[in-house]
Amino acid sequence: MAILKIARMGHPVLARVADPVTEPSDPRIAKLVDDMMETLADAGGIGLAAPQIHVPLRIVIYRVPAGRMPGGVEVPLTVLINPRLAPVGEARESDWEGCLSVPGMTGRVARWARLRFTARDLKGGTVEGEADGFHARVLQHECDHLDGILYPMRIDSLRDFGFNEEILRRREQEEA
Ligand code: NI
């Protein structure tokens, strides 16, 4: 296992379309995912896509803490290989996001409120399910990385983009 360096916005690996994984059960993929898990745990993020550790393959990992789920039940650490997303319904929700590749910053992004996902797992099987709210947001954010899209590219108004501390202060004032 190894903690890997995380690519930052501006690096070409974050701007390209990642390649599908041809053999999800290949032990080299398991090793790569182990390294992604260790890197994510070290960085303290919610999710990580393989391009963020300079590997242009369609793999994402994430976990959603209980506090971010409406029912208070966490989504455990999940590995999705070659994931595909499809919206369920037309509803969209705006909320604030951050990214380990855009450190110190946050921005407000509209995303589908509900979606279906399907992917391969490390054994080569199929994973599928539905997600909504923050879980759906995480999936869209991570899968965007596989298509060379970083969340700042999806911000409607750049007024809603800034440094964490400044935006936090602004939100506290707005909510007061
Ligand atoms: Ni990200």
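None of these values were measured; they are calculated from a predicted model.

We now examine the overall build of the protein chain. Helices and strands together make up the secondary structure of the protein chain, namely 3 helices and 8 strands. Its helices and strands in sequence order give the protein chain the pattern α-β-β-β-β-β-β-β-α-β-α, from N to C terminus. A principal-axis box enclosing the C-alpha atoms of the protein chain has dimensions of 50 × 35 × 25 Å. Within the protein chain, the fraction of its 176 residues that count as buried is 42%. Once local pairs closer than 6 in sequence are excluded, the contacts in the protein chain between residues at least 24 apart make up 65%.

Strands sit in the order β4-β5-β8 across an open sheet of 3 strands; the sheet is antiparallel. Since the sheet does not close on itself, it has two edges, and those belong to β4 (92–97) and β8 (161–163), each with one partner. Taken over all neighbouring pairs, the strand axes of this sheet differ in orientation by 25° on average, direction set aside. Note: β4 against strand β5 (residues 105–112), 6 bridges, orientation antiparallel. In the strand pairing of β5, Glu-97 is matched with Gly-107. This element, helix α2 (residues 133–145), spans β4 and β5 of the sheet and lies at about 105° to β5. Together, β4, β5 and β8 form the strand contacts of helix α3 (residues 164–175), whose direction differs from that of β8 by roughly 110°.

Counting residues in each nonpolar core, the largest one holds 16 residues, and the members touching the most others are Tyr-62, Val-64, Leu-80, Leu-115, Phe-117, Ala-131 and Leu-139. Counting only elements with at least two residues in this core, the list comes to β2 (59–64), β3 (75–87), β6 (114–120) and α2. With 4 residues, α2 is the largest single contributor of residues to this core. One finds Val-21, Ala-50, Ile-61 and Ile-81 within the second-largest nonpolar core, a separate group that totals 14 residues.

Definitions and cut-offs
Residues numbered from 1 in each chain as written. Predicted model: local features only at pLDDT ≥ 70, side-chain atom pairs only at ≥ 80, totals over all residues. Heavy atoms only, no water. Helix = DSSP H or I, 4+ residues; strand = E, 2+ residues; numbered from the N terminus. Buried < 20%, exposed > 50% of the residue type's maximum accessible area, 1.4 Å probe, protein only. Contact = heavy atoms within 4.5 Å. Pairing = 2+ DSSP bridges. Axes fitted to C-alpha atoms, helices over the stretch in contact; angles between N-to-C directions. Core = buried A, V, L, I, M, F, W, Y, C linked by side-chain atoms within 4.5 Å.

Spatial relationships are all this shows, so hold off on functional conclusions.
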